[in-house]
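Each chain, letter by letter, is given below.
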Amino acid sequence: MAADDDAEVDDRELQEDGDPPRADTIEYEGPTKLERIARESAFALQDTRPWLHRRVEKIRFVEDQNMIRREVSIDFTIPPGLPKFEDVGDERAIYFVPIALLAKWPPVMAFSFKDGDGHVVPLLTSTKNGRVDAEALIGLSPEGELRTCVEPSLRTIGTGDPQEAQQAFDLVVQLLLQRRDSLDPDELEKWARALYVATNIVSNSLVWARVVARPSDRQVVKFGFEHPFEAEMVLRRRLLSAFSWGAVRAHFELPNLGERGSYHLQVTPPPGMHVRRATLRVSKVPPVPDSGQQRTGGERVWRLVAKPIKTTFRGFRGKWRALFPKVIHSHRTKPPPGTPYERNVGDRAHLYIEATQNQFGLARIDFMVSRVGLIRGALVTGVAVAVLMTVLATRSGTFAAQAGATVTVLLVVPALLGFLIVRPGEHPVTTKNLIGVRLLALLSGAIPVAAAVVLLAVVPQATTNPRTHQKVTSYPNLASDWWILAGVAWYLALLVVFSWLLPSRWEGPATPD
């Protein structure tokens, strides 16, 4: 966990007189006061449900940046029996409580940490935090010969980077499996609990909240940070989302110790987009996002055939439901404890779960560009150009005879329709997912210009009607060229229709796809 230096808790405050000095060496020199307290506080990590009551997390997009802002509010009670760091009088003391997890890498940006009154909470540096985490992990492990044997590895899990920590974790698991038969059931269960916590600490650091309170006091802390927005990078999805034929899918990992009274995740899409679908998956092992890479060749071919049909059906169904909405009853059966459920209110996704025993969470959010604005303007532009070209191709001779006025109309109409697709101030994420639609709109706008060029390039030919002996002016190939352009215009308009039609709005729980 990375933090600014000015947010560090001074080591002089956290270290008792006589404690060994902190050294940036590989050799471990011994625990400081806070590290010893962390080892004694490890029992609180075994089951956080009695004291970690509620966690609310909000995810929103930073204005004019391809960044995500995550804000977390945690409601907890000082765990009974938690050792004090220092008495401050009036029955109050300084406590360090492990309330959440933050990824070790990459470093978070714009980190803020405050209590319920808005006061800044001091934060440990990465190095100090790693040593404290290691002591907590050691304290959580059952005493004995096995702990002594794996203690260096446990310490590496807390202090090392994710790769080093994973190697150390694998070594601990290997040694534990080798000696499994010699352990009694109670000790084996304690090791299982310790390893559950260790799986989180491999890639994350514990957030230790420094609070001044009385024993069993109710506390609220809030912290927030920013990180780049990373969408699913599968080529198929990138192409579909660029033309607004498919959703932009993002996965948000939720390493949260997995045991609390309740958890609420609110996701707000960037301006110009809405949440099409949101799901929350929890498991006892780190969930792996389904990117489709593990599918066989036959499954991928089948998806190329079935997915467009399925998506088209959903698009028509979504439009039908928008025109004829069903009556939604306000009361719904509450799911059993530990089962995620979702709501969508005001273009925001709300994911909930209560009393879960699982440790890891993965939120999958599908974002879609709204059907107003650019897509609607591109649809009007495409249809208007297609109708215009059809009329011109039908009466090509009449319009060619008035070449000046026809060319003027062909050049002015795209400029007038261009106001429908110009959208200043778009969010970068929204702009990125409208590239294909803008391309279709630009191509539609270029067709009248091409028609004007064709008209100017045609050399009129004068012929005599053998029956009436009157001179007739003809324009060779003009009608056929304009019919070709009209066909292209209707094709582009059809593609924009799919952009407007295919993705329906909120669909609730996702089905595997």
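All residue numbers refer to position in the chain's written sequence, counted from 1. Only residues with pLDDT of at least 70 are given local features in this predicted model, and only at 80 or more are side-chain atom pairs given and counted; all residues enter the totals for whole chains, interfaces and linings. To get the side-chain values, all heavy atoms of the structure are used, and hydrogens and water are removed first.

Q: Describe in detail the packing of aromatic side chains, supporting the description with residues and values.
A: In this scheme Phe, Tyr and Trp rings, the latter by its six-membered ring, pair at centre separations within 6.5 Å, and the angle between planes marks the pair as stacked below 30 degrees, edge-to-face above 60, and tilted otherwise. Tallied over the full model, the rule gives nine aromatic pairs. An angle of 20° between the planes, with centres 4.9 Å apart, marks the rings of Phe243 and Trp245 as stacked. Assessed through its relative accessible area of 23%, Trp245 is described here as partly exposed. Joined through ring pairs, the aromatic side chains of Phe111, Phe113, Phe223 and Phe225 make up one cluster. The criterion for a charge sitting over a ring is simple: Lys NZ or Arg CZ within 6 Å of the ring centre, and within 35 degrees of the ring normal. For Lys33, the ring lying beneath its charged end belongs to Phe85, and the centroid distance is 4.5 Å. Burial classes: relative accessible area under 20% of the type maximum marks a residue as buried, over 50% as exposed, and values in between as partly exposed (1.4 Å probe, protein chains only).

Q: How would you summarise the pattern of salt bridges if you had to cite specific residues and measurements?
A: By salt bridge we mean one thing: a side-chain nitrogen of Lys or Arg within 4 Å of a carboxyl oxygen of Asp or Glu. Taken as a whole, this structure holds 19 salt bridges when the rule is applied. Measuring nitrogen to oxygen at the nearest pair gives 3.6 Å for the salt bridge that ties Glu35 to Lys128. Of the two residues, Glu35 sits in helix α2 (residues 33-40) while Lys128 sits in helix α3 (residues 126-140), which places them 93 residues apart along the sequence. Via salt bridges that share partners, Arg39, Glu135, Glu151 and Arg155 belong to a single interconnected network. Helix and strand definitions here come from DSSP, where helices need a minimum of 4 consecutive H or I residues and strands a minimum of 2 consecutive E residues; each element is numbered from the N-terminal end.

Q: Report on the pairing of strand β4 (residues 92-103), specifying residues and quantitative values.
A: Counting buried positions over the 12 residues of β4 gives 10, a clear majority of the element. DSSP bridges decide pairing: two strands pair if at least two such bridges lie between them. In terms of strand pairing, strand β3 (residues 86-89) meets β4 through three bridges, oriented antiparallel. Among the inter-strand pairings, Asp87 is bridged to a residue of β4, identified as Ala93. In textbook terms, the turn of a hairpin is the stretch between consecutive antiparallel strands, and for β3 and β4 this stretch comprises two residues, one of which, Asp90, has a positive phi near 60°. The pairing of β4 with strand β6 (residues 204-213) spans 10 bridges and is classified as antiparallel. When the bridges of β6 are listed, Ile94 appears paired with Val212.

Q: Describe the sheet that holds strand β13 (residues 360-369), and please don't skip the residues or the numbers.
A: Across the sheet, which stays open at both edges, the three strands sit in the order β8-β13-β10 with antiparallel pairing between neighbours. Across the chains shown, the open sheet's two edge strands, defined by having one partner strand only, are β8 (248-255) and β10 (273-283). Each strand of the sheet is rotated relative to its neighbour by a mean of 20°, with strand direction disregarded. For helices, the fitted line uses only the C-alpha atoms of the stretch in contact; every axis is such a line through C-alpha atoms, and the angle between N-to-C directions lies from 0 to 180 degrees.

Q: Give a detailed account of the environment of Gln46, specifying residues and quantitative values.
A: Here Gln46 shows up in the loop between α2 and β1 (52-61). On the accessibility criterion, Gln46 (34% relative accessible area) is partly exposed. A C-alpha to C-alpha distance of 8.1 Å links Gln46 and Val197, two positions 151 residues apart in sequence.

Q: With reference to specific residues and values, describe the confidence of the model for the chain.
A: The predictor attaches a confidence to each residue, and that confidence, scored 0 to 100, is pLDDT. This prediction gives the chain a mean pLDDT of 80; 76% of its residues lie at or above 70. Counted against residues more than four places away or in other chains, residues 2-29, with its pLDDT under 50, gives 53 contacts. Should any heavy atoms of two residues lie within 4.5 Å, those residues are counted as being in contact. Residue range residues 327-331 is modelled with pLDDT below 50. Its contacts to residues more than four positions away, or to other chains, number zero contacts.

Q: How would you explain the packing of helix α13 (residues 435-457) against helix α14 (residues 478-501) if you had to name every residue and give the values?
A: Running from amino to carboxyl end, α13 crosses α14 at an angle of 170°, the nearest separation of the two axes being 10 Å. The orientation of α13 relative to α14 falls into the category roughly antiparallel. Between α13, through Val437, Leu440, Leu443, Ser444, Ile447, Ala450, Ala451, Val454 and Leu455, and α14, the contact on the second element is made entirely by Leu478, Asp481, Trp482, Leu485, Val488, Ala489, Leu492, Leu495, Val496 and Ser499. Partitioning the contact of α13 with α14 into residue classes produces 16 nonpolar, two polar and one charged. Each angle receives one of four descriptions, namely roughly parallel if under 35 degrees, roughly antiparallel if over 145, roughly perpendicular if within 65 to 115, and oblique otherwise. Three residue categories are used. Nonpolar comprises Ala, Val, Leu, Ile, Met, Phe, Trp, Tyr, Cys and Pro, charged comprises Asp, Glu, Lys and Arg, and polar comprises the others, including Gly.

Q: Could you give an account of a nonpolar patch on the surface, naming the residues involved and the relevant values?
A: The patches reported here contain residues having more than 30% relative accessible area and no salt bridge. Joining distances are 9 Å for like charges and 5 Å for nonpolar side chains (Val, Leu, Ile, Met, Phe, Trp, Tyr). Here, Shrake-Rupley sampling with a 1.4 Å probe gives the accessible areas, and only protein chains in the shown set may cover a residue. On the surface, a nonpolar cluster with roughly 310 Å² of combined accessible area is contributed by Val383, Val387, Val391 and Trp490. Element by element, the count of residues in the nonpolar patch is highest for helix α9 (residues 374-394), at three residues. Positionally, Val387 belongs in helix α9.

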